[in-house]
Structure formats: structure tokens, C-alpha cells
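Structure at a glance
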Amino acid sequence: MRPVGLEGIDDRRQLARTLSALERGEVEAAALSRSLAGRLGRAHVVGITGAPGAGKSTLVHALLGAWLARGQRIAVLAVDPSSPITGGAVLGDRVRMGEHGANERVFIRSVAARGHLGGLARSTRAMVDVLDAAGFDTIVVETVGAGQSEVEVVQVADTRIVACPPGLGDAVQSIKAGILEIADILVVSKCDLPGAQGTAHDLRDMLHLRPGGGVGAWVVPVLPVRYDDAAAIGLLADQIEAHATAAGSGRRLAMGVTQGQAQGSAPTGATTGPAGDHPPDPHATRVAAFIAADAYVRALGIRLVHAAAGTVTLAITLEPRHVNFNHTCHGGVTFSLADTAFGMAANAFGTIAAGIDTHMTFAHAARVGDVLLARSQEISRSRKLATYRVDITREADGLLMCSFTGTVFITEQPHTLSPPQDTM
Amino acid sequence: MTHDMIPKVLVTKIGFDGHDRGSRIVAAGLRDAGMEVLYTPPWQEIAAVVKLATEEDVDVIGISSLATDHLIVPKLMAALREAALGDVGVIVGGIVPDEDEAMLLEAGVARVFHPGSSMPEIAAYVRELAQRCRQRRAAA
Amino acid sequence: MNKPIDDPALAAWQAEYDATLVGPDRAVHNRSGIAIQPLYTERDWQPDDASGQLGLPGQAPYTRGIYASMHRGRTWTQRQLIGLGTPAEYNTRLKGVLAQGATAVSLIPCNSVFRGYDADQSHIELLGTCGTVINTADHMDRALADVDLARTSCALNDPSPFTLLAFMLATAQRRGTDWREVSGTSNQSDYLSHYVANHMFFRIALPGARRILADHIAFCNAHVPRWNPMSVVGQHMQQAGATPAQAMAFTLASGLQNARDCIERGMQPDDFLPRFTFFFDISISFFEEIAKFRAARRIWARLTRETLGAREPRSWRFKFHGQTSGVDLTRQQPQNNIARVTVQAMAGILGGLQSLHTDAYDEALSCPSEYGARIAIATQNILREEAHLTDVIDPLGGSYYVETLTDQMEAQILHTMQLVEDAGGMYRAVESGLVQRLIGESAVAFQRQVDAGEQTVVGVNKYQLAEDAAARPTNVRPDRAVMQAHLDDFARFKAARSTAQVQGALDALARAANDVRDNVFGRVVEAAQAGCTHGEICDTLRREMGFGHVQAMV
């Protein structure tokens, strides 16, 4: 069998098979990357992530058009979540890249996350290396951007774009850390819709709060964009190129040296956030594990947006099954959302914290289709007790839907989590 | 089932008909049976299907056909062979008259599923076909 | 029964019912999820003239029928869908069907036409297999040879941009027939249902399709006053898996959306509502379908009058064409489908439809054969003239069951309509994918019931037989040689046209697409008259208005 990883763009079939071998663990990812080391660095890798509803696939499609017009050859890795219950997945991103997907100069590969938090990042890095060595000019890595694993995957890129849907309102606060902090370029999608300018404004405000990277540092632009506006997409493509020149080029390879080998130089060029690329927050890691082990939370469809010390943000999209006989969201659902944000933040300090008192006020009724965000915040702590406040807002306009307070009793017992369901 | 035998299946429609209730149900059913499914809308060009199957390294292609679109499946089979994808399993589901079923099997289609086939039956067959195809490819 | 039984006779019935049951009573639900009791009495429903819910035929809210005399006065139109092969082959089949008693013409074009292509842009294997290939006014002329357009009602399955009607108007003009005498329907002109459920005319993007429909309605109102330009479709969504109540709700919501779009264009409700018609699937859930239609009449009457402000009774009447549902038919033991179609047809007739298409029994296997089509028409004749189903208007009116079920279906329909309204109306609900998601859920749920054996399908999951292949009819395919001759003829036609005339018409069409003051459909008609082809017209509009992208959602 021919040495793996040496195929060029034109040998599409072999390229695809190498990617499969990596996905299935038939070839060791790190070893393959090492063997390709001399041929890497030609491709510019763009990571695209963002909340559901931001239209990432449509954004990728639009960028493909711009890059094709500039004569480039582009590869896309589209990452979709796997069902935690069945292990299967519908890989639907590719479909939205319709016409351009059929172009000879475009290569698209869909990848299912398979519920692995760290593993996906390892094989994605190797897949990117294979595509780099094959000779593509630009490689796009696209993920959903809801949790920790997506952040890791996007860190595989030289230039990271975060797409935000319009109308986030106060929710900008709740997703600022983890995902927005790694952004090199922020895109506000569907900018013709109400709330887009407001969201852009909020994002710029938030960026001002971050410590700067020093003289000559890359300034993160906030670009409102309509995906069918060729001029705006062209500007975005220009910004991506500008970032490549200023800071991005070679960054992922430098990071690859520091990760996994604990040796080598710090990344060259300016950094984006206050501390550049930081290691994962232990609170966030614990909360992600809690979610994976909590059958009820997953059955309801609650997903993690962000977690840090003393704060957890969760989201849920309301479906017909969440609704009561008055066609509004069942109070038990919103209560569950608030309670989970509260309980998980409290437990993420490392020992079991048991809820002993809670109170919930319902201000507005939510309906099918609404996306609700619950953000918990610790407001007091003593040796044995801690109190939290949770606000539930509607993502579309930031309207406060419910208000919750809760108290936990802090024990000294460690957690024993059941392992996440693996249905392979 | 070993960890890395997750079948990768393409569910698609070629030709002119747009009725896709059946293909959506099958795609969802295969996902629920633990497979990774690439689902496309109807009216795919044969060349696009071949490109997709190549890049995604699919194990099985499921063609849904309710009108007479199955009549161009032989063209698809030829295009797959020409792209060195002859070892990808192809099944056809939908309305296929008896006299055409033989023609399809001759052309290399692994099996034709008629209306009334149950989802568990389809999923079990697809899994087994995917396993066979992958083994054939590994041996090649 | 939920209510306490104080009536001794009823209590005695209940006791005996319980005693004679073998095992526990089954929980029965219809397809829309409504619980069905074993018996209905005056405790469930009583006529209440004060509320005006029932009324009489021909009187608002039309629960019992939109006309005073209904089928006894004028029987339903027997409108059988036909389409196969070349225009000449269609004409032959058409004459046969008319001779057997069909009273109107119906035309379904080839799938290549639905897709927006000319025959020479398509795989030849797929041409004419499920409909007739018509790409020019000449083709339409040949297809309708010897049919008096002033006296025959034509239903054209003709989605946006309505080129078939344009070809027909060009033909009428050529024959000296005044457009004001031309009657019929732009069948399935509803772009929303196509977008949602069967994608059949996914050729022009949503906003463009919306505009062209409004132009089409305005044009017909002005120039072809006996034509029904608006056929709001429920069939696609029910066939895609929507429950009967959902399908009706989405259809009424579409009707409402289309009406609002017309009002926004400056049209008066009473000008366009009388020409709105509806097109539904009729499933084999017999009583459910009857109740569905009766409830719909009531809802539409209220909607048009109170929400849209229409003042004339003609505007409040819910006119609909029903087609027996192909989705209920099976490939196994296909002759059983004759029984199924009969039950479905009865439901439509007793539900008060205005025109009916009965499927041939082999519809589940291929394009229907002539033999199957004959039986389908005979079925209608038998129901009308042997079973005398037209002798009494709304014969099930006053039935405790049917009236209770009508009320319950109405509640379900209104519930779903509210969901759509909350989402911003049908256009927004479709654009966002809400409707598609709800339909998908129902489709999956129904399939699970069939797979689990909870819903019997005779010959498929129960009462199966080892199949006798000889019992299945052979397939009807268009003659390849005839189709090739048609293609050659088409090529000659294109070569002989005036390029200047054709290009001029297409340029005018392109300009109209970008100018909201112009009527796009009017330009389509001019293009048809100038000899432009269907593919050329669709290409131009796709280019100017954007190509519709399918949302593939699972």
C-alpha cells in the first residue's frame, strides 16, 4: 500500500480514504502529522464556528464563491454533532454548500463528532495536515460552536471566525468566554434583520473590555454581513487574508508544536485575546462531563454554551414536546433549565453540592421555536452554603423570561459519574 | 460492533421527481440505527453524487425513486465504476416495477426495496452491506 | 365516555358493552390524534341553531355544503388527471377519457417540465413517463386538438411561472377563442406547498415565486375572468406525512397568506376570493376526512368574512377538488386498491367536494394504465348512479359522531393555524422550516405505527400473501421512437424560429422580473406567443429572480 498522506488534490479518492483511516484510528494521527511535517504550511486554515442559527454553512458557501473567484482550491471539513443516544448523525452541512460543492476545485468532507471531546481535535488536526500537504490553498474547519470540543477543534485553525446571529442582546455576555475569546474575526450574520446592528455594537463593546495585545496587535473586526451580498463577502475574504498576513499564517503549526509535545516556542506574531490560547477551564471540563452523564438533561435537549468558575450558561430550543396545553413552554422545562444551570455551576467546584432551596418567578411565556438561555451566577458563598441567581432570557431579543434563585449545601464528597453512553 | 465500523451512508435522489417523504424517513431511521448519514435533497446530478461519494468515502448509497427515475440508475452505476467506486454498495428503494428490478440487479444494484419494507429490515441490510463493502475495499 | 351516565338506557348499554368486550377496550385515535369513542349520542352533540355552527347548505358557515343544491343540483366534476408521452399521445388518451364521461380536461406535464427543463435538456429515459412533454404553444395546440376551449373546463397542473396556461392562451388566441370564455384552473399554483412538501417546482426562489403568483392572479382577474388562478394545495403536505388536521391547517394558512399578499397588492378581497380553490388529498380515514372538509368550510367562511373583510357570499365559499390519496395504496395485492379508492372517493363526495379525481389501482406501481384509469372513472359513475350518493345533500349531517368529530377537527385545525400565525404567517413559517419540521415528525410517527403493526396495511403488515407476479399489471412506458421523433421535431421548430422575436420577448421578461410595476405573468404569455420555450422562460426567470434552494431537513 502506498505511503499514506502523500496524495495530491487530484487523487481525490485516496485523499478521502486517508481521511477515513484517520477517523477510524487505523492510522495514528500524531505519527502521520509528524511524517508530513516538511510539506506543511502552504494552506491557510480558517476555522468557522458560532451559535446555531448563525448560518455558518451559508457563510462557508458564500466564502467558497469568493475564494473560487480568486482562483483558489479549497477544502472544507464540516463537523456535525452525533446523537448522544444512538451514536448516529445526519451530516447536513455539505448540502448547504450546494452549487460550490460540485466545483472541481472544492473538496468537502463531513465529520461526525461522535461525542468525543478531545479525540476529534486530534484527528481533525491530522486531517488538516493531510489536506495541507495535498496542496489546497485554503482549508475551512466548520463546527457548531456550542461546547468545549468545538473550541478545541477551531483552535486547529490559523484564522478563527465566529459567526453570531443577529439579536443576541444580553446573551452576548453569556457566550463571551471560551468561544468569542478565541475569535480573530467576528461576523454578525443576516445583517438586514432587526437586532443585527445592536449585536454588532454589543460585540464591539465587549472587545473593548479585553486587554489589548500590544502595539501592532491584530484588532478584531466586527463585520455585519448578508451572505448574498457579494461585496460584503469580498470584504470578509479580504479581512481573512489580512489576518493571515498580520498574525495567522503559521500559527496553527506553531501551536501544534506546543500541544502534545510540551516543547517548543511560543506562538509567533500577535495574540488575539488577553492571554492568547489558554488551557481548558477545569470548571468547564467538569460541567461538560456532568452534561454527558445526565440523561434527563440530554433528553430535554439542554445544551452547554459556556462554563467558568461560578457561572454556567445553557441553552434549549423549544419544541412541541416542551409545551403545555396553553401552547406555552411548560414551567417544568424552564425550571429544569434554571435548576441545571444552578446545580452544575455549584457542583463544578469539585464536590457534590445539593440544592436545598429554590425559588422561581415566571415573567413571560415562551413558545415553540424560542431559544432560551439560562445563565447562572454565584452571588454568595460560605463554607457550607452557596447561593446562585439564574436569569433565563430569550435569545432573539434578550427579554428576561424567568428569574431563579437557589441555595446549595456543599458537601465534601467527590462525584462518581456514570460513563457517557457509548453505543458503538 | 467495533468502534470504527460506523456505516457511512448517502441517501439521495437522482432524476426529476421531488417526493422525498420516504427518503427522509429512511435517512432518519438510519441515523437512529447509529449510522452516519449524508442526506441530500432531490434532483442530484449523477456527477455530483459521484463526487460526494468519493470525497466522503461512503460505504453505501441509497437511491430513492418513486417515479421512473430508477431508469437512470444504470448510468449512475457506470459512473461509479469509472470513478473507481465500484465497491460502494448501492440499494434502490421506492416504486420499481418487477421487470425493471432484474435490470437494476444486473447493473450492479445490491438490492431493491419495495414499498412496505420496514425500517428495521432496511437498517439491518444497510449495516451488513456496509460491512461487506468496507472489507472488500480494505482487501483491494 | 367521560361524562357520568345518569341515563339508565345508556348506562345499561355501557354495562353490556363492557361485558361483551373480550379483554380491555382499545384506545382508538384517528390520524389527527383525536380519541374515537365506540358510540356517540345526543350527550356528545346536539344541534344548536343559536350558535349557527351547522346551518343549511348554501348558507354561512356552509358546514353542510357551499351550495344549496350541491351534487343533487350539479354533480361533482369528474376530473381525471392525465398525462403521458408526447402531445399527440396525450390527445388520443384525452379523447378516450372524454368519451367515457369525464366532463373536464386535466393535464399533468412531464417531470422535466416541473423541473423547469425542456425535453432536450433531460435524460430521454425520463421523458413522458409520468406526464406529457409540453414545451411550446405548438405542443399545447396539438395536445388540445379538437377540444373547444370555450366550452371545456381545463385544469392544468402548472406551477410557477404558469407557462402551460400561457401556452394555452396563445393557442386560444390562435384559434380565435376569446380569453374571456376560457375556463379552468391553474391546478396546484400554490408555491408554498410545493416548497414544503414535494419540491416539484423548486425552480424559482421563494420571494420570486410569491411575486409571480400575485401577478398571475391579477392578470387572470383582468383578462381571463373565468379562470381560477389560485389553487391552494393541501395534498402535498398530507402525502408528505402531515395528519389530516395539520394538512388542512397549513392549507388554510396558505390561503390566508396568499389572500393577504393579494390585498397588499391593492386587490379587493371580493375580487379574488371567489376564484380561490383548494386541492386536497383524501385518505382512507373515512369519517376523519368528511369531518375535515366540513370543518374547513366553516373556518374558511369565518376567516374570509371576519379576518379578510370579504362582503360577498361568493367570497366565503370553500371550493375544493379532492384526489384520492396515492399514499394509502399498496404495491402488494394491487387490486385491493380499487376498494381503497372507492372508500376514499365516498369520503370526498360525502365531504362535499366540487370535483374529484380517483386514482387508478396501479397508481402505486407506475403511471396508471388505461385499464386502471377506466375502473377509476367507473367507480365514480357507480357511486353516483348506482349508490345514489348525490340524492341527499350532506347525508351525514346531524350524525352525533360526524358533528362531534367536525367540531374536534375544527379545534385541531385552529390550534395548528395558531402555531403558524405565531410564527409570523405561513410564508415565514415555511421559510424558517417550522412547517417542514412538524410534517416530518408526523411522517416518522406514522411510519413507526406501521412498522410496529399498530396501523394495519392490508397485504403489507397483515394479511400478506405470497405474491403472484402475474396479477400485477405491466408497465406503461412512452414509445422511445415516438419520443425521439418528438425531440427531432422540437429541434426543427427551434431552428426555424425568429431569433429576434424570441430574444426580444425573453429580454422583456427579464426586465419585468426586475420591475415591480410590470406583470411578470403577462410577459410570460407574450413570450409564449413569440415562440419561446418553457425552458427558456424558466431559465430567464431563474437567472433574474434566483434559483430556489431546497432545505434538506431530516
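Here, every reference points to the structure presented above.
1. Focus: the overall build of chain A
Within chain A one finds 13 helices and 14 strands. Here chain A holds 424 residues, and the buried ones make up 47% of them. For chain A, the share of sequence-separated contacts (at least 6 apart) that also reach a separation of at least 24 residues comes to 74%.

2. Focus on helix α22 (residues 534–545) of chain C
All names here are of chain C. Taking 1.5 Å per residue, twelve residues should reach 16 Å; α22 reaches 16 Å between its end C-alpha atoms and fits that length. Buried within α22 are the following residues: H534, G535, E536, I537, C538, T540, L541 and M545. Residues of α22 that are buried sit in contact with α4 (111–114), α6 (163–175), α8 (206–223), α20 (499–513) and α21 (520–529). Positioned one or two residues after α22, G546 has a phi angle of 95 degrees, which is positive.

3. Brief notes about the sheet that holds strand β2 (residues 36–39) of chain B
Across the sheet, which stays open at both edges, the six strands sit in the order β3(A)-β2(B)-β1(B)-β3(B)-β4(B)-β5(B) with parallel pairing between neighbours. Across the chains shown, the open sheet's two edge strands, defined by having one partner strand only, are β3 (89–90) of chain A together with β5 (111–113) of chain B. Inspection of the sheet shows strand β4 (residues 89–94) of chain B paired to β5(B) by three bridges, in the parallel sense. Bridge pairing in β5(B) links B:G93 to B:F113.

4. Points about the environment of C:Q37
Residue and element names in this part refer to chain C. Along the polypeptide, Q37 turns up in the loop between α1 (8–20) and α2 (70–73). According to the C-beta neighbour criterion, Q37 is partly exposed, with 14 such atoms within 10 Å. A C-alpha to C-alpha distance of 9.8 Å links Q37 and R26, two positions eleven residues apart in sequence.

5. What about the interface of chain C and chain B?
In many analyses, interface size is given as the accessible surface area lost on bringing the parts together. Across the boundary between the two partners, chain C contributes 34 residues, which contact 31 residues of chain B. Taken together, the elements giving at least two residues each to the side of chain C that touches chain B come down to α4 and α18 (434–451) of chain C. It is α18(C) that contributes the most residues to the side of chain C that touches chain B, five residues altogether. Looking at side-chain class alone, the side of chain C that touches chain B contains 16 nonpolar, 13 polar and five charged residues.

6. Let's talk about the packing of α20(C) against α21(C)
Residue and element names in this part refer to chain C. It is at 9 Å that the axes of α20 and α21 come closest, and there the two elements cross at 175 degrees. The angle between α20 and α21 falls in the class roughly antiparallel. Contacts between α20 and α21 pair A505, L506, A508, L509, A512 and A513 from the former with V520, R523, V524, E526 and A527 from the latter.

7. Comments concerning the interface of chain B and chain A
Across the contact, 24 residues belong to chain B and 26 residues belong to chain A. Of all elements in the fold, only α1 (21–32), β2 and α2 (46–56) of chain B reach the threshold of two or more residues within the side of chain B that touches chain A. For the side of chain B that touches chain A, the element with the highest residue contribution is α2(B), accounting for five residues. Taken together, the residues that form the side of chain B that touches chain A break down as twelve nonpolar, four polar and eight charged. Relative to β2(B), β3(A) is paired through two bridges, and the arrangement is parallel. Counted as the bridge partner of A:V90 is B:V37 from β2(B).

8. Description of the environment of C:K462
Position of C:K462 relative to the elements: it lies in the loop between α18 and α19 (480–496). Given 10 C-beta atoms within 10 Å, C:K462 falls into the exposed group.

9. Digging into the environment of A:L36
Residues and elements named next belong to chain A. By the element assignment, L36 lies in the loop between α2 (29–35) and β1 (44–50). By C-beta crowding, L36 is classed as partly exposed, having 18 other C-beta atoms within 10 Å. Taking the C-alpha atoms as reference points, L36 and V130, 94 residues apart in sequence, are found 7.6 Å from one another.

10. Description of α21(C)
Residue and element names in this part refer to chain C. For α21, a buried count of seven out of ten residues is recorded, marking the element as mostly surrounded by other parts of the structure. Those residues of α21 that sit buried are V520, F521, R523, V524, V525, A527 and A528. If you follow the buried residues of α21, they end up packed against α5 (137–143), α6, α8, α20 and α22.

Rules of the game
- Residues numbered from 1 in each chain as written.
- Chains lettered and ligands numbered in written order.
- Predicted model: local features only at pLDDT ≥ 70, side-chain atom pairs only at ≥ 80, totals over all residues.
- Helix = DSSP H or I, 4+ residues; strand = E, 2+ residues; numbered from the N terminus.
- Buried ≥ 20, exposed ≤ 12 C-beta atoms within 10 Å, placed from the backbone.
- Contact = placed C-beta atoms within 7 Å.
- Expected span 1.5 Å × (residues − 1).
- Pairing = 2+ DSSP bridges.
- Nonpolar A, V, L, I, M, F, W, Y, C, P; charged D, E, K, R; others polar.
- Axes fitted to C-alpha atoms, helices over the stretch in contact; angles between N-to-C directions.
- Parallel < 35°, antiparallel > 145°, perpendicular 65-115°, else oblique.

Nothing here speaks to function; it is all geometry.
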